[in-house]
Amino acid sequence: MSENNQLEAIRTGYAFEGGSLDLGAAVDAGTAAPDVQVRLPLAMMNRHGLVAGATGTGKTKTLQLIAEQLSANGVPVVMADIKGDLSGLSRQGVSNDRITARAAQTGDDWSPTAYPVEFVSLGSKGIGVPVRATITAFGPILLSKVLGLNDTQESTLGLIFHWADKNGLALLDLKDIRSVIAYLTSDEGKPELKAIGGVSTQTAGVILRALTNLEAAGGDTFFGEPELNPKDLLRLAPDGRGIITLFELGDQAANPVLFSTFLMWIL
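The rules behind these values
- Residues numbered from 1 in each chain as written.
- Predicted model: local features only at pLDDT ≥ 70, side-chain atom pairs only at ≥ 80, totals over all residues.
- Heavy atoms only, no water.
- Helix = DSSP H or I, 4+ residues; strand = E, 2+ residues; numbered from the N terminus.
- Buried < 20%, exposed > 50% of the residue type's maximum accessible area, 1.4 Å probe, protein only.
- Contact = heavy atoms within 4.5 Å.
- Areas by Shrake-Rupley, 256 points an atom, 1.4 Å probe, with all protein chains shown as cover.
- Lys, Arg positive; Asp, Glu negative; His and termini not counted.
- Charge placed at Lys NZ, Arg CZ, Asp CG, Glu CD.
- Axes fitted to C-alpha atoms, helices over the stretch in contact; angles between N-to-C directions.
- Parallel < 35°, antiparallel > 145°, perpendicular 65-115°, else oblique.
- Nonpolar A, V, L, I, M, F, W, Y, C, P; charged D, E, K, R; others polar.
- Polar contact = N/O pair within 3.5 Å; in protein donor to acceptor, adjacent residues only side chain to side chain.
- Phe/Tyr/Trp six-rings, centres within 6.5 Å; stacked < 30°, edge-to-face > 60°.

### Quick notes on the overall build of the protein
The helix and strand inventory of the protein stands at 9 helices and 6 strands. Counting only C-alpha atoms and orienting by the principal axes, one finds that the protein spans roughly 80 × 40 × 30 Å. By residue count, 34% of the 267 residues in the protein fall in the buried class. Taking contacts inside the protein between residues at least 6 apart in sequence as the whole, the part at least 24 apart equals 64%. Entry remark: accessible area of the protein is about 15,200 Å², with carbon and sulfur atoms responsible for 53%. With 21 positive and 29 negative side-chain charges, the protein shows a spacing of 4 Å between the two charge centroids.

Put into structure tokens, the structure is as follows:
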């Protein structure tokens, strides 16, 4: 296929009806073709995608570009800002000759623009507003992943959650779930423990130790009230643009399991 035919195929392939996000221009023999734009349909942005490439190839910039255009189209955006690379979305960029020249080469009508960004933190020492979730809302399955429990221990934790719910006990933070397990493994609570399915005292003890270790590692800064309402992440700015929420690690940088599991809970 000739180069002209290749460009025409790209042009035709990205000729979508309706709204779309512009990712940039096609490149022909090392030169950008500004009249051949690579796009993503706005209606397809609920699908999974992967931005991949070596260091310095523009993965972060591509993600910023997608977030900016989604926001401009009135779509709220939630992103995990692990290294703080995305925080620049909140400030108007500074133009220079190199940026202006590149925008002309790619056919991009670029202008420095700030976007509505809110910062939230998983923990108490980040720059964003600390967010929390109750133990009950997190649930036994996700909590088991954070604690590194096996299938038997996860099943036991589920029974403990069931017993607490049956007895009207609110599990708000790690101290609450620890207190419930401590009671069930005590002489007074052993009959209750046996009644919920023959849960072994040894397994309950393993869970209790795992909870203690999580609390000692700072996990207690996340669990509790007030609890994050996921609807708060789906808001628009007064000008109609979608608010971009950036999650940073805060003091949980050393606990990637908790952070990744928290994102699963948000989803």
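Still more ground to cover, so stick around.
### A look at the packing of helix α5 (residues 151-166) against helix α8 (residues 201-216)
Taken N-terminus to C-terminus, the directions of α5 and α8 make an angle of 85 degrees; their axes are 10 Å apart at the nearest point. Comparing their axes, α8 and α5 come out roughly perpendicular. Taken together, the residues of α8 that come into contact with α5 (itself represented by Q153, T156, L157 and I160) are T203, V206 and I207. Looking at the contact of α5 with α8 residue by residue, the classes come out as 4 nonpolar, 3 polar and no charged.

### Comments concerning the side chain of S71
Tracing the chain through its elements places S71 in helix α2 (residues 59-72). When its relative accessible area of 0% is taken as the criterion, S71 is described as buried. Looking at S71, its side chain comes within polar contact range of the main-chain oxygen of G242, at 2.6 Å. Each residue touching S71, except ones within four places of it in the same chain, is listed here: V77, Y115, P116, R241, G242 and I244.

### Let's talk about the packing of aromatic side chains
One pass over the structure, following the stated rule, counts 9 aromatic pairs. With centroids separated by 6.3 Å and ring planes inclined at 40 degrees, the aromatic side chains of F138 and W265 adopt a geometry described as tilted. Of the two residues, F138 sits in helix α4 (residues 135-147) while W265 sits in helix α9 (residues 256-266), which places them 127 residues apart along the sequence. Using a relative accessible area of 4% as the deciding quantity, one classes F138 as buried. Taking 5.9 Å as the distance between ring centres and 35 degrees as the angle between the ring planes, the aromatic pair formed by F262 and W265 counts as tilted. Taken together, the residues span about one helical turn, with F262 and W265 both in helix α9 at a distance of 3 residues. Exposure class is identical for F262 and W265. Each is buried.

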